[in-house]
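# Per-entry structural report
Okay, here's what each chain looks like letter by letter:
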Amino acid sequence: MDGTLAMEKITDAANPYRAGVVALAGPPNAGKSSIVNALLHEHAAAVSSKPQTTRNAVRCIFTTDEYQMVIIDTPGTHRPKYALGEFMMEETGRALESADAVCFVVEALCERAGDWDDIYRRLEKIRAPIVLAVNKIDRLRGKNEDVFFKFIEPIQERIKPAFVVPVSALDGTNLDLLASELSKFLPEGEAIYPEDVMMDATERFLAGEIIRERIFEATEQEVPHSVAVMIEEFKSPDEYPELRRIEARADIIVERPGQKGILIGRDGAKLKSIIAEARRVMERRFGYPVSLKLWVKVKPQWRKSMSGIRNAGYRRA
Ligand SMILES: Nc1nc2c(ncn2[C@@H]2O[C@H](COP(=O)(O)OP(=O)(O)OP(=O)(O)O)[C@@H](O)[C@H]2O)c(=O)[nH]1
Ligand SMILES: [Mg+2]
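Residues numbered from 1 in each chain as written. Chains lettered and ligands numbered in written order. Predicted model: local features only at pLDDT ≥ 70, side-chain atom pairs only at ≥ 80, totals over all residues. Heavy atoms only, no water.

### Overview of the overall build of the protein chain
Secondary structure summary: the protein chain contains 11 helices and 9 strands in total. For the protein chain, the C-alpha radius of gyration of 21 Å lies close to 20 Å, the compact-globule estimate for 317 residues. Viewed in the frame of its principal axes, the protein chain has a C-alpha envelope of about 70 × 55 × 40 Å. Within the protein chain, buried positions represent 49% of all 317 residues. Considering only intrachain contacts with a sequence separation of at least 6, the fraction spanning at least 24 residues in the protein chain is 72%. Total accessible area computed for the protein chain in this model is approximately 16300 Å², and 49% of it derives from carbon and sulfur atoms. (Helix = DSSP H or I, 4+ residues; strand = E, 2+ residues; numbered from the N terminus. Rg over C-alpha atoms; globule rule 2.2 N^0.38 Å. Buried < 20%, exposed > 50% of the residue type's maximum accessible area, 1.4 Å probe, protein only. Contact = heavy atoms within 4.5 Å. Areas by Shrake-Rupley, 256 points an atom, 1.4 Å probe, with all protein chains shown as cover.)

### Concerning the sheet that holds strand 2 (residues 58-63)
Strand order in the open sheet formed by 6 strands is 2-3-1-4-5-6, and the pairing between neighbours is mixed. Of all strands in the sheet, those with a lone pairing partner are strand 2 and strand 6 (163-166), marking the two edges. With direction set aside, neighbouring strand axes in the sheet form an average angle of 25°. Strand direction decides the pairing type here: strand 1 (residues 18-25) and strand 4 (residues 101-107), joined by 4 bridges, are parallel. Paired with alanine 23 across the strands is valine 102, a residue of strand 4. Against the sheet, helix 3 (residues 83-98) engages strand 1, strand 3 (67-73) and strand 4, with an angle of about 145° to strand 1. Set on the sheet, helix 6 (residues 175-183) makes contact with strand 1, strand 2, strand 3, strand 4, strand 5 (130-135) and strand 6; between it and strand 3 the angle comes to about 105°. (Pairing = 2+ DSSP bridges. Axes fitted to C-alpha atoms, helices over the stretch in contact; angles between N-to-C directions.)

### What about the sheet that holds strand 9 (residues 290-298)?
Strand order in the open sheet formed by 3 strands is 7-8-9, and the pairing between neighbours is mixed. The open sheet has two free edges, formed respectively by strand 7 (228-235) and strand 9, since each of these has just one partner strand. Geometrically, the sheet is characterised by an average inter-axis angle of 20° between neighbouring strands, direction not taken into account. Strands in contact with helix 7 (residues 203-218) are strand 7, strand 8 (246-254) and strand 9; relative to strand 7, the strand with the most contacts, it is inclined by about 135°. Contacting strand 8 and strand 9, helix 9 (residues 257-264) crosses the sheet at an angle of about 155° to strand 9.

### Re the site of ligand 1
Around ligand 1, 23 residues are found, and the nearest of them are Lys32, Ser34, Gln52, Thr53 and Asp138. Contact between ligand 1 and asparagine 29: an oxygen atom at 2.9 Å from a main-chain N or O atom of the residue. Take lysine 136: an N or O atom from its side chain is 2.9 Å from an oxygen atom of ligand 1. Tallying contributions element by element places helix 2 (residues 32-40) first for the shell around ligand 1, with 3 residues. (Near = heavy atom within 4 Å. Polar contact = N/O pair within 3.5 Å; in protein donor to acceptor, adjacent residues only side chain to side chain.)

### Brief notes about empty space enclosed by the protein
With the rule as written, the count across this model stands at 2 cavities of 30 Å³ or more. Within this model, the largest cavity holds a volume of roughly 50 Å³. Lining the largest cavity are His43, Ala44, Ala45, Ala46, Leu206, Glu209, Ile210, Glu213 and Arg285. A total of 4 residues in the lining of the largest cavity trace back to one element, the largest contributor, which is helix 7. Each residue belonging to the lining of the largest cavity can be placed in one class, and the counts come to 5 nonpolar, 1 polar and 3 charged. (1 Å grid on protein atoms, 1.4 Å probe; cavity = no way out; pocket = protein on both sides within 12 Å on 5 of 7 lines; lining within 4 Å. Points joined across faces, edges and corners; volume = space filled by probe spheres on them. Nonpolar A, V, L, I, M, F, W, Y, C, P; charged D, E, K, R; others polar.)

### A few points about the coordination of the magnesium ion (ligand 2)
At this site the magnesium ion (ligand 2) is bound by Ser33 (OG) and Thr54 (OG1), with donor distances of 2.0 to 2.1 Å. Remark: threonine 54 occurs in the loop between helix 2 and strand 2 and serine 33 occurs in helix 2; sequence separation between them is 21 residues. Residue serine 33 is classed as buried on the basis of its relative accessible area of 7%. (Donors = N, O, S within 2.8 Å, 3.2 Å for Na, K, Ca; no water.)

### Quick notes on the domain arrangement of the protein chain
Segmenting the protein chain into domains produces domain 1 (3-183) and domain 2 (203-311). The straight-line distance from the C-alpha centre of domain 1 to that of domain 2 is 28 Å. Taken together, the 20 residues of domain 1 in the interface contact 20 residues of domain 2. If you look at where domain 1 meets domain 2, you find 2 salt bridges. Between glutamate 220 and lysine 50 there is a salt bridge; the shortest N-O distance is 3.9 Å. Between the two partners, domain 1 and domain 2, sit 12 residue pairs in polar contact (both at pLDDT 80 or more). (Domains from an automatic or database assignment. Salt bridge = Lys/Arg side-chain N within 4 Å of Asp/Glu carboxyl O.)

### Re the pairing of strand 4
It is a general feature of regular strands that their side chains alternate between the two faces of the sheet. The buried count for strand 4 comes to 7 of 7 residues, which makes it a mostly enclosed element. Every second residue of strand 4 is oriented toward a common face, with Ala101, Cys103, Val105 and Glu107 on one face and Val102, Phe104 and Val106 on the other, all of them buried. Across 6 bridges, the pairing between strand 4 and strand 5 is parallel. Each residue of the ladder has a partner; that of valine 105, found in strand 5, is alanine 133.

Here's what the structure looks like:
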């Protein structure tokens with residue numbers, strides 16, 4: 001018998017493959033989606049400088065030779081004001097319940113850390129182990145380490161994390177360490193998804209997220225939060241080989257005529273630049289030229305009622 005082969009088998013038995021679910025949770029704007037994207041080396045989840053960018057629990061898949069981690073990127077935990085916020089918090093709640101481990105992501109030295117009581121109460125109900133990821137540490141360069149330890153002390157006391165990792169989604173600091181610490185909590189088992197699958201989401205959904213992300217970055221105050229994107233048509237050459245490009249058409253829903261005016265801009269300039277940006281991102285993501293048509297429609301108070309949010313595409317997957 002070949003000695004090397006026998007050795008490999010023994011090693012495999014000692015390090016069985018692991019597969020399971022990690023939920024990434026935390027306050028809005030902490031950088032959860034950015035961490036997912038940095039881990040996957042792909043612009044998978046929507047990211048913006050505005051809080052409450054993520055609205056659905058999005059399953060992303062990180063596969064290595066040793067484990068497959070299904071990372072659920074969740075909407076940032078906040079006290080909902082409207083039906084849309086309630087939907088978002090249900091998404092986060094279900095993700096937390098289904099997780100083998102929770103990665104609690106906070107922004108280093110965040111000034112709102114005193115307001116996280118609701119989040120702590122949620123985490124206290126969870127049985128899964130918690131890893132604390134303190135993100136944006138690139139901003140701490142040159143600062144005294146004591147500031148960092150003073151910041152994390154009350155968080156540690158409250159959630160009793162199994163491990164604390166200072167990370168930066170921006171420059172990649174400690175992301176490997178974070179993934180390997182989280183992987184230790186995954187149960188033994190076969191991979192759930194094929195190894196080349198990076199997200200459990202349709203291209204149609206991703207297209208909507210890309211457009212919404214561009215709108216979040218291009219608008220201010222209430223406007224981004226009042227926007228929903230509904231993909232009305234999405235035809236890809238993968239499905240329609242006679243096409244040479246992706247043909248997508250979407251409605252942008254806003255709550256007030258004034259918001260429609262802002263999104264369209266003078267002579268349509270704002271909408272044109274949103275279309276150009278979204279096309280650029282979609283072309284890179286999907287690997288085809290993209291024709292994109294957007295219409296802005298007003299649906300008063302859509303995010304304030306269950307029927308409103310359902311009609312805007314927010315329903316339980
Ligand atoms: N300096 C710095 N900025 C970061 C880092 N990670 C994320 N950001 C920025 O923080 C902002 C929020 O990032 P997101 O990834 O959208 O945050 P999120 O936690 O997913 O937010 P919600 O989806 O709203 O809950 C964006 O402007 C990011 O570019 C980091 O490590 N360093
Ligand atoms: Mg997010």
